[in-house]
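# Architecture and fold: a report
Here is how the chains run, residue by residue.
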Amino acid sequence: FTAFMSEEDELRVGREEHPKIIEEFGGAYDNPEVTKYVDSIGQFLASTSERPDLEFTFTVLDSPVVNAFALPGGYVYITRGLLALANSEAEVAGVLGHEIGHVTARHTAQRYSQSVLANIGLIALAIGTGSEALANLAGSGAAAYLQSYSRDQEYEADLLGVRYISRATYEPQAMATFLSSLAADSRLSLAAARAAETE
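All residue numbers refer to positions counted from 1 along the written sequence of the respective chain. This being a predicted model, a pLDDT of at least 70 is required before a residue's local features are given, and a value of 80 or more before pairs of side-chain atoms are given or counted; all residues contribute to the totals for chains, interfaces and linings. The side-chain values count all of the structure's non-hydrogen atoms but skip hydrogen atoms and water molecules.

## Notes on the pattern of salt bridges
- One speaks of a salt bridge when a side-chain nitrogen belonging to Lys or Arg is within 4 Å of a carboxyl oxygen belonging to Asp or Glu. The full count for this structure, using the stated rule, is nine salt bridges.
- The partner of E7 in a salt bridge is R51, with the nearest N and O atoms 3.4 Å apart. Of the two residues, E7 is situated in helix 1 (residues 7-24) and R51 in the loop between helix 2 (32-47) and strand 1 (57-61); the sequence distance between them amounts to 44 residues.
- One salt bridge connects E10 with R51, and the closest N-O pair in it is separated by 3.9 Å. Secondary structure elements follow DSSP: runs of H or I no shorter than four residues count as helices, runs of E no shorter than two count as strands, and numbering proceeds from the N terminus.

## Here's the deal with helix 2
- Compared with the 22 Å implied by 1.5 Å per residue over 16 residues, the 22 Å span of helix 2 between its first and last C-alpha is a close match.
- Considered for burial, the residues of helix 2 that qualify are V38, I41, G42, L45 and A46. Mapping the buried residues of helix 2 onto a view down its axis gives an arc of 135°, with all of them on the same face. The exposed residues of helix 2 that point more than 90 degrees off its buried face are P32, E33 and K36.
- Tucked inside the fold, the buried residues of helix 2 contact strand 1, strand 3 (75-79), helix 3 (80-85), helix 4 (89-104) and helix 8 (151-167).
- Polar contact is defined as a pair of N or O atoms within 3.5 Å, subject to the rule that within protein one atom must be able to donate a hydrogen and the other to accept it, and that residues adjacent in sequence are counted only when both atoms are side-chain atoms. Two or three places before E33, at the start of helix 2, stands the capping residue N31, its side-chain oxygen 3.1 Å from that residue's backbone nitrogen. The span expected for a helix works out to 1.5 Å for each residue beyond the first. Think of it in three bands: with a 1.4 Å probe and only protein chains considered, a residue is buried below 20% of the maximum accessible area for its type, exposed above 50%, and partly exposed in between. Note that the arc is defined by the directions from the helix axis to the C-beta atoms. It only takes one pair of heavy atoms within 4.5 Å for two residues to be counted as in contact.

## Quick word on the sheet that holds strand 3
- DSSP calls a pair of strands paired once it identifies at least 2 bridges connecting them. Taken in spatial order, the three strands line up as 1-3-2 in an open sheet, and their pairing is mixed. Two strands lie at the open edges of the sheet, namely strand 1 and strand 2 (68-71), each paired on one side alone. With strand direction ignored, the average angle separating the axes of adjacent strands in the sheet is 20°.
- Where strand 1 meets strand 3, five bridges bridge the pair, whose relative direction is parallel. Directly across from F58, in strand 3, lies its bridge partner V76.
- Relative to strand 3, helix 1 is tilted by about 25°, and along the sheet it contacts strand 1, strand 2 and strand 3. Orientation is described by lines fitted to C-alpha atoms, with helices fitted over the stretch in contact, and by angles between N-to-C directions that extend from 0 to 180 degrees.

## Description of the nonpolar core
- Buried Ala, Val, Leu, Ile, Met, Phe, Trp, Tyr and Cys residues that are joined via side-chain atoms within 4.5 Å together make up what is termed a nonpolar core. Grouped together as the largest cluster of nonpolar side chains are 32 residues, with contacts concentrated most on L45, F56, F58, I78, L96 and Y170.
- Of all elements in the fold, only helix 2, strand 1, strand 2, strand 3, helix 3, helix 4, helix 8 and helix 9 (174-198) reach the threshold of two or more residues within this core.
- At seven residues, helix 4 tops the list of elements feeding residues into this core.
- Among the nonpolar cores identified, the runner-up in size contains seven residues, and I21, F25, L71 and Y77 belong to it.

## Examining the packing of helix 4 against helix 9
- The N-to-C vectors of helix 4 and helix 9 enclose an angle of 95°; their axes lie 8 Å apart at closest approach. Taken as axis vectors, helix 4 and helix 9 run roughly perpendicular relative to one another. Where helix 4 abuts helix 9, its residues A90, E91, G94, V95 and H98 lie against A174, M175, T177 and F178.
- The nonpolar class holds Ala, Val, Leu, Ile, Met, Phe, Trp, Tyr, Cys and Pro. Asp, Glu, Lys and Arg form the charged class, and all remaining residues, Gly among them, are polar. Looking at the contact of helix 4 with helix 9 residue by residue, the classes come out as five nonpolar, three polar and one charged. Our angle categories are set so that under 35 degrees counts as roughly parallel, over 145 as roughly antiparallel, 65 to 115 as roughly perpendicular, and the remainder as oblique.

## Brief notes about the packing of helix 2 against helix 4
- Between helix 2 and helix 4, the shortest axis-to-axis distance is 9 Å and the interhelical angle comes to 55°. One finds that helix 2 runs oblique with respect to helix 4. In this structure, helix 2 meets helix 4 at a crossing whose hand is right-handed. From helix 2, Y37, V38, I41, G42, L45 and A46 reach across to helix 4, where they touch E89, V92, A93, L96, G97 and I100.
- Across the contact of helix 2 with helix 4, the residue classes tally to nine nonpolar, two polar and one charged. Handedness of a crossing follows from how the near helix is turned relative to the far one, being left-handed for an anticlockwise turn of less than a right angle and right-handed for a clockwise one.

Structure (structure tokens):
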């Protein structure tokens, strides 16, 4: 699947969605040193990518949730929760490199285009059948379902992330060590949630 969004559309969507993302995740993290640090790592990595001319925006979100993601047009987000889990600058670089990979491979544009196509298809089906349930699905569920990357896109973003952190002279193994930390954190969170349910 190729994106039907132009690069100009990607930039527009990113600009329009950026303030909404910041609001949804509790705002940008109010620590200028951390913000500058993450931006400097991200900008360095972006300069090694296939799209060095794209103006990337790196934002640390004030959320304890462990997460990182990207929007079309070079908007990359990392939460303070994820930063707290990282054990080194190379691990942070690995996460940012992976998200830059999604942007440079235009995965975010492809996802957006797929959700638009899914909504158009569901709306047409709803009109054709007169189904209010399908019309409601077009406005919510289908778009959310299509928001995850495919396994191939994740693999490609991993390969690109390793390429970028290697070019920037970070240790590529840091991506694997961070994934181990992430898996351990997920297991711990799941165990805590199960313990809370039994109380």
